[in-house]
Amino acid sequence: MHRDHDNDPGLADEIASLRNAPPSTDLWPGIARQLEPRQPRGTLLIRWPVAIAAGLVLAVATSAGTLIALRLTRSPAAPAATTTVAAAPTAPAGTSPAVAASFAPADSALAGAINDLERAVRSNLSHVDPEARNSINQSLTLLDQAIAQAAARQSAAPNDPRVASYLTSTLRKKLQLLRTVSELTRRES
């Protein structure tokens, strides 16, 4: 094998004079800075234990908020508001009486779709096993109660958009439950 310093005697002398010595300063801090991953400014690095703890805090806070909201809806003022629904003007034909206080066309349309789908579901519930039927009936009863409470709140505060949104949201939940049950009863029959 041919080496470059074999042809150049000066280079061979220089190579021979080299000593194995450590550098005069420690080079590692500069190298380590270049190896660290760089995060964009404003990036928050969260480790998995912290993320799990944050998730648990969110779950507890959500549960507590739901519990408080449920207790507020079961307050003594709720039965008095229910009587307001009965005094409200009647809803268009084919809509639920609980939605009578709403006057919103979208809520009336939702109530009409719910009534149609509920009739179809109730006629097919005989094809479902008794335990599932009881569960479906309980869910529908709870949703009917929530709709009645939401309608009572809306009649008490007709200009509050949060109350109107809650009523619409509750109606959509019942519609979604009825759609799901309708699919299940179609498969069963």
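Residues numbered from 1 in each chain as written. Predicted model: local features only at pLDDT ≥ 70, side-chain atom pairs only at ≥ 80, totals over all residues. Heavy atoms only, no water.

Check the secondary structure of the protein and you find 8 helices and 0 strands. When the helices and strands of the protein are read in sequence order from the N terminus, they spell out α-α-α-α-α-α-α-α. Considering only intrachain contacts with a sequence separation of at least 6, the fraction spanning at least 24 residues in the protein is 57%. Total accessible area computed for the protein in this model is approximately 13900 Å², and 60% of it derives from carbon and sulfur atoms. (Helix = DSSP H or I, 4+ residues; strand = E, 2+ residues; numbered from the N terminus. Contact = heavy atoms within 4.5 Å. Areas by Shrake-Rupley, 256 points an atom, 1.4 Å probe, with all protein chains shown as cover.)

Summarising the element assignment, Leu 117 is placed in helix 6 (residues 105-124). Overall, the relative accessible area of 17% leaves Leu 117 in the buried class. With 64 residues separating them along the chain, Leu 117 and Val 181 place their C-alpha atoms 9.7 Å apart. Look past the residues within four positions of Leu 117 in its chain and what remains in contact with it is Leu 175, Leu 178, Arg 179 and Ser 182. (Buried < 20%, exposed > 50% of the residue type's maximum accessible area, 1.4 Å probe, protein only.)

Below, the discussion takes up the nonpolar core. Core analysis: the largest hydrophobic core is formed by 16 residues, its most contacted members being Val 121, Leu 125, Ile 136, Leu 167, Leu 171 and Leu 178. Elements with a minimum of two residues in this core: helix 6, helix 7 (130-156) and helix 8 (161-188). In contact with Leu 178, other than residues within four places in its own chain, are Ile 114, Leu 117, Glu 118, Val 121 and Leu 140. (Core = buried A, V, L, I, M, F, W, Y, C linked by side-chain atoms within 4.5 Å.)

Once that is clear, we can look at the packing of aromatic side chains. According to the stated counting rule, one finds 0 aromatic pairs in the structure shown. Over the aromatic face of Tyr 166 sits the side chain of Arg 153, whose NZ or CZ is 5.9 Å from the ring centroid. (Phe/Tyr/Trp six-rings, centres within 6.5 Å; stacked < 30°, edge-to-face > 60°. Lys NZ or Arg CZ within 6 Å of the ring centre and 35° of its normal.)

Taken as a whole and assessed by the stated rule, the structure comprises 5 salt bridges. For Lys 174, the salt bridge is made with Glu 118, and the minimal N-O distance between the two is 3.1 Å. Placement of the pair is Lys 174 in helix 8 and Glu 118 in helix 6, with a sequence separation of 56 residues. Residue classification places Glu 118 among the buried residues on the basis of a relative accessible area of 12%. Each of Glu 118, Arg 122, Asp 144 and Lys 174 takes part in a single network of salt bridges with overlapping partners. (Salt bridge = Lys/Arg side-chain N within 4 Å of Asp/Glu carboxyl O.)

A few words now on a nonpolar patch on the surface. Together, Leu 27, Trp 28, Ile 31 and Leu 35 give the surface a local cluster of nonpolar side chains, amounting to about 440 Å² of exposed area. Mapping Leu 27 onto the fold places it in the loop between helix 2 (9-17) and helix 3 (28-35). Classification of Leu 27 as exposed rests on a relative accessible area of 51%. (Patch = residues over 30% accessible without salt bridge, like charges linked within 9 Å, V, L, I, M, F, W, Y side chains within 5 Å.)

This next bit is on the confidence of the model for the protein. Looking at the protein as a whole, the pLDDT averages 75, with 77% of positions reaching at least 70. A low-confidence stretch, residues 77-103 (pLDDT under 50), is modelled with 41 contacts involving residues beyond four sequence positions or located in other chains. (pLDDT = per-residue confidence, 0-100.)

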